[in-house]
Amino acid sequence: MMADNGPDAMFVAGGTDLYPNMKRRQQTPKVVIGLTHVNELRTAKGQPKDGVVLGANVTLSEVTNDPRIRDAYPAVARAAELISTPLLRNMGSIGGNLLLDTRCNYYDQNYEWRKAIHFCMKKDGEICWVAPSSPRCWAVQSSDCAPVMVAIGARVKLVSTSGERMITAAELYNDDGIRHLNKRPDELLTEIHLPPVNGWRATYWKLRRRGSFDFPVLGVAVWLKLSKDGTVEDSKIILGGVGSHPIQAITAERMIAGKKLTEELIRDAAQAAYQPAKPLDNTDFAMTWRKEMARFYVAGTLRELAAQN
Amino acid sequence: MAGNNGGKRGLRVVGKPFVKVDAKAKCIGELKYADDLFLPRMLHTKLLRSTVPHARIISIDVSKAKAYPGVHAALTGADLPPITYGALPVSEDEYPLAIGKVRMVGDPVAAIAAVDEDVATEALDLIDVQYEPLPVVTSIQDAYSMPEPRIHEYGELGNIHRRQVYEFGSVEAGFAEADHVREDITFYEGSTHLALEQHASLAQFSHDGKLTLWTSTQDMHYLHRHLAKVLEMPASHIRVIATPNGGGFGGKCDPFNHEIVVCKLAMVTGRPVKICLTREEVFYCHRGRHPVLMSTKTGYKKDGSITAMHHRTILDGGAYGGHGVASTFYTGILQPTTYTLPNYRFEAVRVFTNKAPCGPKRGHGTPQPRWAQEIQMDKIADHLGLDPAEIRKQHAIAPNSITANWIRIGTLSLRQCIDKVVAGSGWKDKFRKLPHGKGIGIACSAYMTGTQTPIYYNKLPHSGVQLKLDRSGGVCVFCGSAEIGQGSDSILAYIVAEVLGIDPFDIRVVTGDTDLTPVDLGSYSSRVTLMTGNAAIEAAERVRHMLREAVSAKLEVPGERLSFADRRVFDSQNPDKGVSFVDAVCLAEEKYGTLGTTGSYKPPAAPGKYKGSTIGPSPAFSCTAAIAEVEVHPETGIVVVPRVWIAHDIGQAINPVLAVGQIEGCVYMGLGEALMEEMTYRGNRNLVHKFPSFLEYKSPTTLEMCDVITYLVEEPDANGPFGAKEVGQGPQLPVPPAIANAIYDAVGVRVDEIPLTPDKVLKAIRAKAKGQEGRYGPSVFPTCPMPPAMVVPTPFQGGDGKALEREPAVSKK
Amino acid sequence: MKPLGKNGRKKLEKVHIRLRVNGEETEVAFAPHKTLLEVLREDLRLTGTKHGCELGECGCCAVLVDGRPVLSCLALGVAMEGHEITTVEGMAVGTELHPLQQTFAELGAAQCGYCTPGILLTAKALLETNSRPSRDEIKEALAGNLCRCTGYIKILEAVELAAARMAGGQAEPAKETIYGWE
Ligand SMILES: Cc1cc2nc3c(=O)[nH]c(=O)nc-3n(C[C@H](O)[C@H](O)[C@H](O)COP(=O)(O)OP(=O)(O)OC[C@H]3O[C@@H](n4cnc5c(N)ncnc54)[C@H](O)[C@@H]3O)c2cc1C
Ligand code: SF4
Ligand code: FES
Ligand code: FES
């Protein structure tokens, strides 16, 4: 069906991202292809020791309440639980969440509003109003689960009439507000493969104005592999909500590699991690404060994981 | 028991927690709000709104839209008479659809009536409007520096809409007497009502030439007058029905363009026409809290008593007048009603900008000056080393007094309110004693219970109630008040039931219908319970008199011995001797013929005689004390408010559970304004509202709401029905400053600007750590030429309420 | 939410489907782009379900689908075939109010009443899975329903009171809830 309709068709799962965007005429597919009745997409399979496979259409509430996820992948459960509201989590899917459109205060507005600012590059216009001199769109990656999936090394299965492919979550994202996904429109996301649980630990912290409704204006996902004596063997520090893709804080990761997480090291790593965060004035809160918070949040997540035994 | 004064005073209905008369209809989904109404052949309307903030309209072409299948009518400003309207007679500056120019993004330019909303929306795309852009006035600073182009021609000076200068007593003399003088510049950001119900209206024009409008309005009476004016129809041919409002908070007080437009469309098409605004459009209606920049210079003595205050305000009014002139007065005129203030000078300026117009939101114009004074009081107490609760208590205004600006205060138990929250919160053990990051703060307020004068000049009653009784024993109350969730329908039933000795559920209440109900001015200024209540008492007492006469004749018991209770009329000395209420009504109907009485209410005259003295006075003043507890995270600046203690002098709670609910709602709204709500604009790309949506305009959810410990203090006021005073607005006032003061207690910094967002708090904390002033807030107060003050000698100076000659020279600052 | 082509009007045909609403089967024909909210209010005239944004941002429009609270403004009517829908009109049994409806009325938890239907249904779903929720659990469950009138407190108290009554108690509200503190 997708093949028939070409680029004018879009898949829809829970619709909690696509339908508001359609109502505001940000996304204007001629056809939407509902996925709710595809049962294969609605199940979660497998056990943590080999890795759990989530069907793309599993709802966020189901992810949060699945005992396997709660116990073995608490960072995933936590990210899902912090999304939107209980009502929306009953509708929104994990797949839709990973494919969430990027967001921007100049773009998530209705047609008339956007007309009043003469539109922007992401839809119907030419210029980026956040950074008018820039050739690209800086809309923000705002999915809570995306940074977690990147941090823990989850993989996703994409299926189309021309075959299927597995890519890592990190490969799914692109640093561009418009072409933010490395996925063709006709590719269906079917499965999310969570890695086997074998001694790593991870957590997710979310910054937003209110305890519900609000998208992240910063999300920090950290994945660590510690040796018995607490030395960092491997790590991933991923920042969400502060760029067009989940941002990897490589300098900070290198800084902690092979070392024990002392308070001093945590502070230095946090200092290094907050550098790549590039919040712009297109979400809630003052952008300088958001950037500041990256430091505090990275330190907090590292402390939390270091303290876990 | 607190809150149960009614029982003590021998009242049977008043003071009891009766279920609201409309509560069950609300809980089963049966109550019909405006958008729930459907009529056969009904058309739907969409408005084309301006996408430019300030421009001349060169041309509008609706021909394509008109020809679109499914469209029944397309209107522009040219299709309506060029008659302006607006909430206040001094600033009638709005057209239903723009004529000549647009003044903000969101101004309606054209209207479509079509078979459904989709078709109407599609037709909007076919309308071609050519604009010639004009320079845009974005802020107070712009309005001061850009006299041209003028947004409106009638303002006082360039883009300055209104200036007011009053001096009561002599501030110069007061400052001379003071031990210290301090000036604080503070800012209170604008916010909107965000009622959950989007405004909706349905109009029907019948073939006998009569027009009916069902609409979500708080002020049906004023709307009625404006419709008559703009549609050039006799008011008697127009019927306005105020449907139950899904929240108002002042946002549905103004007459709105869409209300007039659907009427006109119904007249043009001959079919019922409905509109329901989108959430974004509701942001364009706005009429919410004005952003106000304030400078408050205060002289005080060592004991904390205030000798003089010079209070200046500048209001960013947005694109239209609306209630703005009144709002401007309110940013100063109630300042002397909380603490003793012998000399007071007040200068206020309202400017026009190309933004959605501001107006009355809960507390109308007073939360801003209250914020300024209450955070300043905290600084004064700190400076003098005094307890901020004590200093407030000592200098709280005395009951039964007259203020420097000639406002008469009746009962006022502010001291008792302070005692309640101080004791309840454990203030003495907490203030300046909590660990770093935790803090506690106090603030107080007083608020009016209705205004002394109506919006347009007249000597008619402010509120009317009609009672109809018949042989069935049924009692029907008719009143023009509008139910917006505050329980005004129920109050009528309770009061009539109390007087007639029957149950509230024996009574049917009909409100908000200009054909059926006598005039009431509407749900604003906390006037409804007091004014409709007094009118209801008068009507009920008149009918009780008739029943008494009839029963007295029948039972041969002197009228004054008859009691009305438990649905009976009986001899108070021999309770067995009596008749049922139904029989009493029959006897009266037999004696007098068809039964019906009326009652009306008009507030007593105020002692002030100077021009402008009619704004501020009220039949009764409520007062409130609030203590907030906060947790401030020193590394992020994030503020959490776990708890608020609040005591409110309500005079007499007609229904305690509803009164407590109003106070909790006030705390909620104060909390939202204090921590997150802001109505802000993007100046870089045209002047658009930054985020006209429920998601990005932040309002507290269940998770941000604090615990509230409420104390009802009941000090009946002679002017209130059974002594009742207001509770719907006043309790919001002290909440934001109490939170700001608690932040100071927690981390030692002052944030003199609402909302108290974490970035501001963190900046102040960082500044303090660097040895700079631990403060975030405005530091410059721009000035503009001001007219001479109206100087009024105070009661303390032996004045007579009249003004002296105006000051000779133009004041400097 | 009809996909709009600029100037181009699409000819859309109505779908005719069978819905189960409040325990009753009904047949209804509507344009396929209509949301469940629109179908309920406009085609079935069940106007008890309210709307405050139609973008998923307020919670007014919550209804139960197979017992789970969801937002009717973001669900398509056509997707509802085969599902059991409950609206506020379906909460009372005959003239017997649901305990939540009763306690909301008693405590004045419905001020303007506009958020009430969505909140009642969300709370009903909560009490069906958790019969004695803590105050924090109620706050969590209702965190997607905005109310501008009450400050939520009477709402939370009413849910607690209803839970106590449904558990078989003769529960009465606390004195402070009704009269304030001494
Ligand atoms: C008020 C509000 C608050 C929100 N808050 C948050 C928040 O805090 N954090 C957050 O992360 N999100 C938030 N969301 C966004 C959204 O609800 C969630 O991200 C949700 O998980 C999206 O899932 P969905 O199934 O509803 O997506 P849909 O809207 O159905 O789809 C989203 C996108 O993915 C595509 N798509 C969906 N499934 C597939 C598939 N299987 N294969 C290929 N393409 C597919 C769609 O075409 C669409 O482009 C919020 C939304 C609202 C309305
Ligand atoms: S970042 Fe720029 S281009 Fe992208 S959505 Fe925002 S304003 Fe438009
Ligand atoms: S109407 Fe607001 S969430 Fe559906
Ligand atoms: S009762 Fe009015 S919004 Fe909740």
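To be clear, the structure that these remarks concern was listed above.
Residues numbered from 1 in each chain as written. Chains lettered and ligands numbered in written order. Predicted model: local features only at pLDDT ≥ 70, side-chain atom pairs only at ≥ 80, totals over all residues. Heavy atoms only, no water.

Trainee: I would appreciate a short explanation of the overall build of chain A in the present structure.
Mentor: When helices and strands are tallied, chain A shows 13 helices and 11 strands. On C-alpha atoms alone, chain A measures out to a radius of gyration of 19 Å, which is about the 19 Å that the 2.2 N^0.38 rule sets for 309 residues. Along the longest, intermediate and shortest principal axes, the C-alpha atoms of chain A span 60 × 45 × 35 Å. Residues classed as buried in chain A amount to 62% of the 309 residues present. Counting only carbon and sulfur atoms, one obtains 52% of the accessible surface of chain A, whose full area is about 11,900 Å². Taken together, the 40 basic and 34 acidic charged side chains of chain A have centroids lying 2 Å from each other. (Helix = DSSP H or I, 4+ residues; strand = E, 2+ residues; numbered from the N terminus. Rg over C-alpha atoms; globule rule 2.2 N^0.38 Å. Buried < 20%, exposed > 50% of the residue type's maximum accessible area, 1.4 Å probe, protein only. Areas by Shrake-Rupley, 256 points an atom, 1.4 Å probe, with all protein chains shown as cover. Lys, Arg positive; Asp, Glu negative; His and termini not counted. Charge placed at Lys NZ, Arg CZ, Asp CG, Glu CD.)

Trainee: What is the right way to look at the site of ligand 1 in this model?
Mentor: Around ligand 1, 37 residues are found, and the nearest of them are A:F11, A:T16, A:S93, A:N97 and A:D144. One chain alone does not account for the residues near ligand 1; they come from chains A, B and C. A distance of 2.8 Å is found between an oxygen atom of ligand 1 and a backbone nitrogen or oxygen belonging to A:G15. One of the backbone nitrogen or oxygen atoms of A:L18 is found 2.7 Å away from an oxygen atom of ligand 1. When ligand 1 sits alone it has 970 Å² of accessible area, and the protein chains cover 97% of it. Listed by contribution, the elements that provide at least two residues to the shell around ligand 1 are β1 (9–12), α7 (94–98) and β7 (188–193) of chain A. Tallied by class, residues from the shell around ligand 1 come to 19 nonpolar, 11 polar and 7 charged. (Near = heavy atom within 4 Å. Polar contact = N/O pair within 3.5 Å; in protein donor to acceptor, adjacent residues only side chain to side chain. Nonpolar A, V, L, I, M, F, W, Y, C, P; charged D, E, K, R; others polar.)

Trainee: Is there a simple way to think about unusual backbone geometry in this case?
Mentor: Residues and elements named next belong to chain B. For the peptide bond that leads from E148 to P149, omega is -10°, which places it in the cis range. Residue placement: P149 occurs in the loop between α5 (140–145) and β7 (160–168). In this structure, S525 is a non-glycine residue whose phi angle is positive, near 55°. With respect to the secondary-structure elements, S525 resides in the loop between β19 (507–511) and α16 (528–555).

Trainee: Is there a simple way to explain the environment of B:Q573 in this structure?
Mentor: Residue and element names in this part refer to chain B. Looking at where Q573 falls in the secondary structure, it is placed in the loop between β21 (568–571) and β22 (574–580). The exposed category is assigned to Q573, whose relative accessible area is 59%. Sequence-wise, Q573 and A178 are 395 residues apart; in three dimensions their C-alpha atoms are separated by 63 Å.

Trainee: Honestly, the interface of chain A and chain B in this entry has me stumped. Any pointers?
Mentor: Buried accessible area, meaning the area lost when the parts come together, often serves as the stated size of an interface. Across the contact, 31 residues belong to chain A and 35 residues belong to chain B. Both faces considered, chain A and chain B share a buried interface measuring about 2,800 Å² in area, 54% of it formed by carbon and sulfur atoms. At the boundary of chain A with chain B, the tally comes to 5 salt bridges. As a salt-bridge pair, B:D125 and A:R25 come within 3.1 Å of each other at their nearest N and O atoms. Counting across the chain A and chain B interface gives 13 residue pairs in polar contact (both at pLDDT 80 or more). (Contact = heavy atoms within 4.5 Å. Buried area = accessible area lost by both parts, 1.4 Å probe. Salt bridge = Lys/Arg side-chain N within 4 Å of Asp/Glu carboxyl O.)

Trainee: Just checking my understanding: could you explain the nonpolar core for this structure?
Mentor: The nonpolar side chains of soluble globular proteins are, as a tendency, buried together. B:I739 and C:F104 are the most contacted members of the largest nonpolar core, which totals 181 residues. In terms of residue count, the dominant contributor to this core is α16(B) (13 residues). When sequence neighbours within four positions are dropped, the list of residues in contact with C:F104 reads B:C27, C:A109, C:A110, C:T116, C:I119, C:L120, C:I155, C:A158 and C:V159. The next biggest cluster of nonpolar side chains, apart from the first, holds 62 residues, and it includes B:Y339, B:L341, B:A381 and B:L414. (Core = buried A, V, L, I, M, F, W, Y, C linked by side-chain atoms within 4.5 Å.)

Trainee: Any chance you could explain the sheet that holds strand β4 (residues 101–102) of chain B here in plain terms?
Mentor: Backbone hydrogen bonds hold the strands of a sheet together, and the pairing may be parallel or antiparallel. Here 3 strands make up an open sheet; going across it, the order is β4-β2-β6 (chain B) and the pairing antiparallel. Strands at the two margins of the open sheet, each flanked by one partner only, are β4 and β6 (128–133) of chain B. (Pairing = 2+ DSSP bridges.)

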